[in-house]
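Coordinate analysis (summary)
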Amino acid sequence: MGIELPLAADAKGTGAAGDADATLPARLAATLAAPPTRALLTALTDGPVRWRLALGGAGHRRAVVWRAAQAVRAAAPELINDPKATTWDVVVDAARTTVELRPHKLDDPRFAWRVADVPASSHPTVAAALARLAGARADDVVWDPFCGSGAELIERARLGPWRRLVGSDLDDRALAAARANLAAAGLADRAELIRADALAHDPGGVTLIITNPPLGRRIRGDAAALLEQFVTRAARLLAPDGRLVWITPAVRRTHDAAIRAGLYRDVHHIVDLGGYDGDLEVWRPTSGLARGRHRPAS
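Residues numbered from 1 in each chain as written. Predicted model: local features only at pLDDT ≥ 70, side-chain atom pairs only at ≥ 80, totals over all residues. Heavy atoms only, no water.

Structural notes on the pairing of strand β10 (residues 243–248)
For clarity, the cut-off: To sort residues, take the accessible area from a 1.4 Å probe on protein chains only and compare it with the maximum for the residue type: under 20% means buried, over 50% means exposed, and anything in between is partly exposed. Going along the chain from the N terminus, every DSSP run of H or I of four or more residues is numbered as a helix, and every run of E of two or more is numbered as a strand. Pairing between two strands is assigned when DSSP locates at least 2 bridges connecting them.
Of all six residues that make up β10, six are buried, and the element is covered over most of its length. Residues of β10 alternate between two faces, with Arg243, Val245 and Ile247 on one and Leu244, Trp246 and Thr248 on the opposite face, all of them buried. Two strands pair when backbone bridges link them, and strand β9 (residues 208–211) and β10 are joined in this way by four bridges, in the parallel orientation. Of the residues in β10, the one forming a bridge with isoleucine 209 is leucine 244. Sheet topology places β10 next to strand β12 (residues 277–285); five bridges connect them, and they run antiparallel. Note that in β12 the partner of leucine 244 across the bridge is tryptophan 283.

A look at the pattern of salt bridges
Using the following cut-off: The term salt bridge refers to a pairing of a side-chain nitrogen on Lys or Arg with a carboxyl oxygen on Asp or Glu at a separation within 4 Å.
In total, this model carries 18 salt bridges according to the counting rule given. In this structure, aspartate 140 engages arginine 137 in a salt bridge whose closest nitrogen and oxygen atoms are separated by 3.9 Å. Note that aspartate 140 is salt-bridged to arginine 156, the shortest N-O span being 3.0 Å. Pair noted here: aspartate 140 is in the loop between α4 (124–134) and β6 (141–144) and arginine 156 is in helix α5 (residues 151–159), with a separation of 16 residues, a long-range link. Residues aspartate 140 and arginine 156 agree in their burial class; the two are buried. Sharing partners across several salt bridges, the network here consists of Arg137, Asp139, Asp140, Arg156, Asp241 and Arg243.

What about the sheet that holds strand β3 (residues 79–81)?
Spelled out, the test is: Each axis is a line fitted through C-alpha atoms, and for a helix only the stretch in contact is used; angles between axes span 0 to 180 degrees, taken between their N-to-C directions. Contact criterion: two residues are considered in contact whenever any of their non-hydrogen atoms come within 4.5 Å of each other.
The strand order β1-β5-β4-β2-β3 describes an open sheet built from five strands, whose pairing is mixed. Lying at the two open borders of the sheet, with one neighbouring strand each, are β1 (3–6) and β3. Averaged over neighbouring strand pairs, the angle between their axes works out to 30° when direction is ignored. Sitting on the sheet, helix α3 (residues 62–75) is in contact with β2 (49–55) and β3, with an inclination near 145° to β2.

Describing helix α8 (residues 251–260)
Formally: In this context, the arc is that of the directions from the helix axis out to the C-beta atoms.
Buried within α8 are the following residues: Thr254, Ala257 and Ala258. Seen from one end, α8 has its buried residues packed into an arc of 100°, which puts them on one side. In α8, the exposed residues that point more than 90 degrees away from the buried face are Arg252 and Arg260. In the core, the buried residues of α8 are packed alongside α7 (223–237), β10, β11 (263–272) and β12.

Here we look at the side chain of threonine 211
To keep things clear, this is the line we draw: Any N or O atom pair separated by 3.5 Å or less is treated as a polar contact, with the protein-specific requirement of one donor-capable and one acceptor-capable atom, and with residues adjacent in sequence counted only for side-chain atom pairs.
With respect to the secondary-structure elements, threonine 211 resides in strand β9. At 2.7 Å, the side chain of threonine 211 and the side chain of aspartate 144 are in polar contact. Apart from the residues lying within four places of it in its own chain, the contact partners of threonine 211 are Leu130, Asp144, Pro145, Phe146, Glu152, Val245, Trp246 and Ile247.

Let's talk about the confidence of the model for the chain
Counted only if it meets this: A score between 0 and 100, pLDDT records how confident the predictor is in each residue.
Summary statistics for the chain give a mean pLDDT of 88 and a share of 88% for residues scoring 70 or more. Predicted confidence for residues 14–19 stays below pLDDT 50, and this span has 14 contacts to residues more than four positions away or in other chains.

Re the sheet that holds β11
If you walk across this open sheet you meet the seven strands as β8-β7-β6-β9-β10-β12-β11, and the pairing is mixed. Each end of this open sheet is capped by a strand with a single partner; those strands are β8 (192–195) and β11. With direction set aside, neighbouring strand axes in the sheet form an average angle of 20°. With respect to the sheet, α4 is in contact with β9, β10, β11 and β12, its orientation differing from that of β10 by roughly 150°.

Some remarks on the pairing of β2
Side-chain alternation along β2 places Val49, Trp51, Leu53 and Leu55 on a buried face and Arg50, Arg52 and Ala54 on a face that remains uncovered. In this structure, β2 lies alongside β3, joined through three bridges in parallel fashion. Directly across from valine 49, in β3, lies its bridge partner leucine 79. Pairing geometry for β2 and strand β4 (residues 88–92), over five bridges, is parallel. Opposite arginine 52, over in β4, you have aspartate 89 as the bridge partner.

Some thoughts on the side chain of threonine 98
Relative to the helices and strands, threonine 98 is located in strand β5 (residues 98–103). Judged by relative accessible area, which is 18%, threonine 98 ranks as buried. Within the structure, the side chain of threonine 98 is placed 3.3 Å from the side chain of aspartate 93, a separation counted as a polar contact. The residues touching threonine 98, leaving out its near neighbours within four places in the chain, are Glu4, Leu5, Pro6, Leu7, Val91, Val92 and Asp93.

So, unusual backbone geometry
In the Ramachandran plot, alanine 120 falls in the positive-phi region, its phi being about 75° despite a non-glycine side chain. For alanine 120, a relative accessible area of 42% gives the class partly exposed.

Laid out in structure tokens, this is it:
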């Protein structure tokens, strides 16, 4: 969540993109010291208003940040520049036209189950999006083959009824994090977690495979090749009316492998995962389509 404000014009009346950093401290001070901004920050903050500055674009530009802090302090002394204990992140866009006020570490009760994490795990909002595309069926045997910290399993469980929840991973730290999160979500005794290879494990009778496969540090070797092999295996394990709901960063390779394996793509969205794009997809067996088990999305 953020509150976006126009960045004040400089003393010469210009507020266009491309202004030099030299004008930024005064413009930021004028924006934050404006009575409506001060009233807003005070009303939404328990205790002192503490803030830190984040500049869009390349580099830290510490000199600009320091001058901006001094300018704001002179114009509005009650706004405390405190990067270590901030309550508000003040984000200036790269074009120097807006300021966004973001509450720092605002507790979100919707995701209170997230008490543990591992690198490359899904953000809860991504897991929730996957679950909503997957839908809920009372007969679902749900499997996350790369379960990480368990976000997809939890969000699917919160969405509606199921028959079994199964998570597997090769990373013991991930499984420990998933157990902690499942316990916090009230699902400790209702989900099965197993240390297993996604290319070898078969939970049996799977109707939904839901996953955000790991990349980077949690993958050794060719991640695209792993996902290519997995989508082929998923096609063999899914029930005729099942679905694979996942995010792939290697869409060309996994798409072709899925088609060869007898799946068809029902839903496709490109999503920004914080620095790279992935394809959020729903795949279904063509055997189910032939038997009238499901219809393509309109």
